[in-house]
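Coordinate analysis (summary)
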Amino acid sequence: MDEKNVENVFIAPCSTEHINKDILKDISLESGKGESQLPISIQGVIPIESIEDVLSEEEKKTLEKIYPDGKVKMWGTISESQWNPIKEGDLVVFYRNGKYICAADIVYKTHNPELARKVWGADKEETREYTFFWEYIFFVKNIRQLNVDRKTFNEKIKYEYIDKDGKKKAKYGPNFVPRSFMRIAEDPSKEKIIQLVKKISNKEDKPKSIDLIELDKELNGIMKLALAHLIAGKNTIFYGPPGTGKTYLARKICENICDEDNYSFSTANAEWSYFDVVGGFVLEGNGTKFKKGILLEAVEKCRGSLEKEGRPSWLIIDELNRANLDLAFGKTFTQLDIDYRDMPLEVIEENGEKKEFYMPYSFRILATMNTYDRAILFSLGYAFMRRFAFIPVGSLLKQHKLTPETELEISITEEMKEFASSDFARNLKELIMKVILEHFTKENGEDKAYIFEDFKVEDIGKINEIIDKLRFDGLDIVDVLLYIAHTITNKELVEIGHAILFDAAKFIVAYSQLSTSVDAREILDEAVTAYILPQIEYFMPKLRKAKVFGEKEYEEKWNKIKEDIKKLGLVKTFRGMEEAEKEFKVI
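Residues numbered from 1 in each chain as written. Predicted model: local features only at pLDDT ≥ 70, side-chain atom pairs only at ≥ 80, totals over all residues. Heavy atoms only, no water.

Section: the overall build of the protein
Of regular secondary structure, the protein possesses 24 helices and 23 strands. Here the protein, with 587 residues, has 53% of them falling under the buried criterion. The contacts in the protein between residues at least 6 apart in sequence include a share of 72% that link residues at least 24 apart. When the accessible surface of the protein is totalled, it reaches about 27,600 Å², and 46% of it is carbon and sulfur. (Helix = DSSP H or I, 4+ residues; strand = E, 2+ residues; numbered from the N terminus. Buried < 20%, exposed > 50% of the residue type's maximum accessible area, 1.4 Å probe, protein only. Contact = heavy atoms within 4.5 Å. Areas by Shrake-Rupley, 256 points an atom, 1.4 Å probe, with all protein chains shown as cover.)

Laid out in structure tokens, this is it:
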């Protein structure tokens with residue numbers, strides 16, 4: 001949109017379904033499937049050839065030039081007086097069911113009653129030969145989703161005009177509802193609409209996937225990894241030595257996904273209590289008032305951002321290791337898991353009214369943690385760790401040299417194949433697929449568990465298609481993931497809960513959609529490192545004891561898993577196990 005060329009701004013009430021049923025048989029709605037909030041006739045599904053019998057030669061040539069794909073986007077009005085001022089480059093905002101749903105640039109207009117009849121049908125109250133709804137037609141391009149509720153839009157725009165004394169006056173109130181096609185003639189309101197559309201469009205133009213920021217290759221890899229975890233439903237912890245850029249990474253991710261000023265930031269400390277994190281009642285006057293803690297404030301900010309901006313707002317907790325997490329978070333551990341977001345985070349009674357606070361599906365916590373102080377983290381165990389993905393951030397000074405063993409070709413053993421063909425593995429795999437589908441379709445309006453609309457996976461067939469592309473010599477990636485977790489559990493290193501597998505599988509689907517080139521080994525390596533390897537932390541005391549006292553049983557179990565990881569060519573996991581073996585710690 002060139003702001004200098006926008007002479008007029010129009011509001012167009014619309015319906016998603018209003019279209020002549022006779023024309024539906026001539027067009028396919030598949031191309032408009034992803035834009036179901038838009039009226040059918042501006043989704044770009046009407047071929048020029050299906051309406052050419054009611055077009056003049058000039059109209060046809062013009063539309064073919066405007067729409068090289070041969071499909072038009074059109075709307076219209078019954079108001080000739082409002083339609084007359086329309087010029088190429090003007091802006092139109094579409095309104096429906098209490099929301100301003102999208103904006104578009106007007107590129108052409110024509111008065112064609114027969115075209116209106118063919119596309120939308122005739123006026124039901126037709127009293128003369130050529131009286132139709134929307135016969136004053138205009139065509140649009142460059143559609144931008146807005147999804148701004150009526151009250152918010154009205155409060156931002158105010159529909160102001162300048163009176164004869166040069167003072168601004170409000171023409172309509174916050175509850176104004178556009179009833180018909182209208183031109184916004186007042187300059188203050190017109191400019192505010194243009195700026196609002198520009199602001200939202202700029203947010204839509206920001207990267208939504210792998211290329212969050214232009215950094216060196218290694219840092220972009222961490223960004224991609226973190227984004228996959230977040231899409232898969234996990235909160236994240238960036239861990240590593242001080243001074244490695246953990247906080248910087250968390251801020252950059254939030255700035256790109258939530259917007260620069262649309263996230264919360266807090267530094268943990270040892271004094272944190274449930275009151276500080278969630279909230280509690282404080283004395284006020286002759287009574288009490290509930291005061292929200294940092295988590296509840298962030299959750300409410302996220303809900304407001306989803307309603308007004310159509311994007312989440314997140315919470316960064318710096319130096320998470322400083323806090324007594326059990327004391328600070330308490331019962332909220334449950335809701336940190338995305339599968340329990342339908343349960344209230346907090347329920348309060350104030351002034352005789354009950355209020356429930358819910359954590360949105362798309363809300364995430366991004367935390368940082370120094371590896372020099374890890375004791376408090378692992379005292380919490382499974383309850384806490386399961387709700388976070390752990391992302392190592394090392395110093396750029398540290399060089400990782402791969403051992404010769406990890407450069408071997410992938411070798412799928414008969415044991416792996418036999419396990420994958422078992423009824424046990426097949427049944428568990430079927431359950432995993434259902435869990436993946438549930439996550440990638442879980443939403444409540446703008447609040448999506450998978451964050452971005454383009455990551456939605458609507459059927460099992462699509463999930464199977466994604467998984468089937470990620471293969472290891474006859475086995476797919478989930479087969480191999482199941483084998484690794486099953487072996488670690490049954491060799492009694494540590495019991496891997498089935499929910500860990502669900503999380504890893506969701507991550508695999510998210511990560512594969514972010515990848516321009518699909519590599520099964522890379523994706524599985526990241527999944528095992530992030531979800532399976534941290535669980536082995538609890539085996540480290542046994543391994544240390546085995547090394548000191550020569551207890552071969554535990555060493556043999558450890559070496560068996562290492563051998564399988566090596567055969568699968570999982571470089572990162574293998575390196576993590578080697579470092580854990582030397583230091584007797586995983587994280």
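Topic: the packing of aromatic side chains
The full count for this structure, using the stated rule, is 19 aromatic pairs. Taken together, a centroid distance of 5.7 Å and an interplanar angle of 50 degrees make the contact between Phe 507 and Tyr 531 tilted. Remark: Tyr 531 occurs in helix α21 (residues 520-532) and Phe 507 occurs in helix α20 (residues 498-514); sequence separation between them is 24 residues. Of the two residues examined, Phe 507 and Tyr 531, each falls in the buried class. A cation sits over an aromatic face here: Lys 109 above Trp 83, 4.3 Å from the ring centre. Here the basic side chain of Arg 251 rests over the ring of Phe 265, its NZ or CZ set 4.1 Å away from the ring centre. (Phe/Tyr/Trp six-rings, centres within 6.5 Å; stacked < 30°, edge-to-face > 60°. Lys NZ or Arg CZ within 6 Å of the ring centre and 35° of its normal.)

Side note on the confidence of the model for the protein
Taken as a whole, the protein shows an average pLDDT of 82; of its residues, 84% reach a score of 70 or greater. Taking the mean pLDDT of every element in the protein, the minimum, 52, falls on helix α14 (residues 375-380) and the maximum, 96, on strand β15 (residues 315-318). Note that residues 29-35 has pLDDT below 50 and, in this model, eleven contacts with residues that lie over four places away or in other chains. Across residues 399-406, where pLDDT falls below 50, the model places eleven contacts with residues more than four positions away in sequence or in other chains. (pLDDT = per-residue confidence, 0-100.)

Regarding the sheet that holds strand β12 (residues 264-267)
Read across the open sheet, the five strands follow the order β12-β15-β18-β11-β19; overall the sheet is parallel. The open sheet has two edge strands with one neighbour each: β12 and β19 (388-392). Taking each pair of neighbouring strands and ignoring which way they run, the sheet shows an average axis angle of 20 degrees. Summarising the sheet, strand β11 (residues 235-240) and β19 pair through five bridges and their orientation is parallel. Bridging across to β19, Tyr 239 finds its partner in Pro 392. Contacting β11, β12, β15 and β18 (365-370), helix α9 (residues 246-257) crosses the sheet at an angle of about 170 degrees to β18. (Pairing = 2+ DSSP bridges. Axes fitted to C-alpha atoms, helices over the stretch in contact; angles between N-to-C directions.)

What about the environment of Lys 355?
Its place among the elements puts Lys 355 in strand β17 (residues 353-357). Sequence-wise, Lys 355 and Pro 344 are eleven residues apart; in three dimensions their C-alpha atoms are separated by 9.6 Å. Those residues in contact with Lys 355 that sit more than four places away from it in its chain are Glu 300, Glu 346, Val 347 and Ile 348.

Brief notes about the pairing of strand β6 (residues 99-111)
Among the 13 residues in β6, ten count as buried, and that is most of the element. Pairing geometry for strand β5 (residues 91-96) and β6, over six bridges, is antiparallel. Across the sheet, the residue bridging to Val 92 is Ala 104, located in β6. Between β5 and the antiparallel strand that follows it, β6, lie two residues; Asn 97 among them carries a positive phi value of about 45 degrees. Both β6 and strand β7 (residues 136-149) contribute to a ladder of ten bridges, which runs antiparallel. The residue bridging Ile 106 from the neighbouring strand is Val 140, located in β7.

Observations regarding the pattern of salt bridges
Across all of its chains, the model carries 28 salt bridges by this definition. Ionic pairing is found between Glu 415 and Lys 560, a salt bridge with its closest N-O pair at 3.1 Å. With Glu 415 in helix α16 (residues 414-420) and Lys 560 in helix α23 (residues 552-567), the pair connects residues that are 145 residues apart, well separated along the chain. With relative accessibility at 41%, the residue Glu 415 sits in the partly exposed group. Note that Lys 434 is salt-bridged to Glu 430, the shortest N-O span being 3.9 Å. Taken together, the positions of Lys 434 and Glu 430, both in helix α17 (residues 423-439) and four residues apart, correspond to about one turn of that helix. Glu 430 gets classed as partly exposed once you look at its relative accessible area, which sits at 47%. Bridged by salt links that share partners, the residues Lys 234, Asp 503 and Lys 506 form one connected network. (Salt bridge = Lys/Arg side-chain N within 4 Å of Asp/Glu carboxyl O.)

Here we look at the environment of Glu 349
By the element assignment, Glu 349 lies in strand β16 (residues 346-350). We classify Glu 349 as exposed; its relative accessible area is 57%. Sequence separation between Glu 349 and Lys 289 is 60 residues; the distance between their C-alpha atoms is 9.8 Å. Not counting the four nearest positions on each side in its chain, Glu 349 is found in contact with Phe 281 and Lys 354.

Considerations on the pairing of strand β1 (residues 9-13)
With four of its five residues buried, β1 lies for the most part within the structure. Judged from the five bridges that link them, β1 and β5 form a sheet pairing that is parallel. For Phe 10, the partnering residue across the bridge sits in β5 and is Val 92.

Some details on the packing of α17 against helix α19 (residues 477-490)
The interhelical angle for the contact between α17 and α19, taken along N-to-C directions, is 115 degrees, at an axis separation of 10 Å. The two elements α17 and α19 meet at a crossing, and its hand is right-handed. Residues Phe 424, Ala 425, Leu 428, Lys 429 and Ile 432 of α17 touch α19, and the partners they reach there are Val 478, Asp 479, Leu 482 and His 486. Looking at side-chain class alone, the contact of α17 with α19 contains six nonpolar, one polar and two charged residues. (Left-handed = near helix turned anticlockwise from the far one by under 90°. Nonpolar A, V, L, I, M, F, W, Y, C, P; charged D, E, K, R; others polar.)

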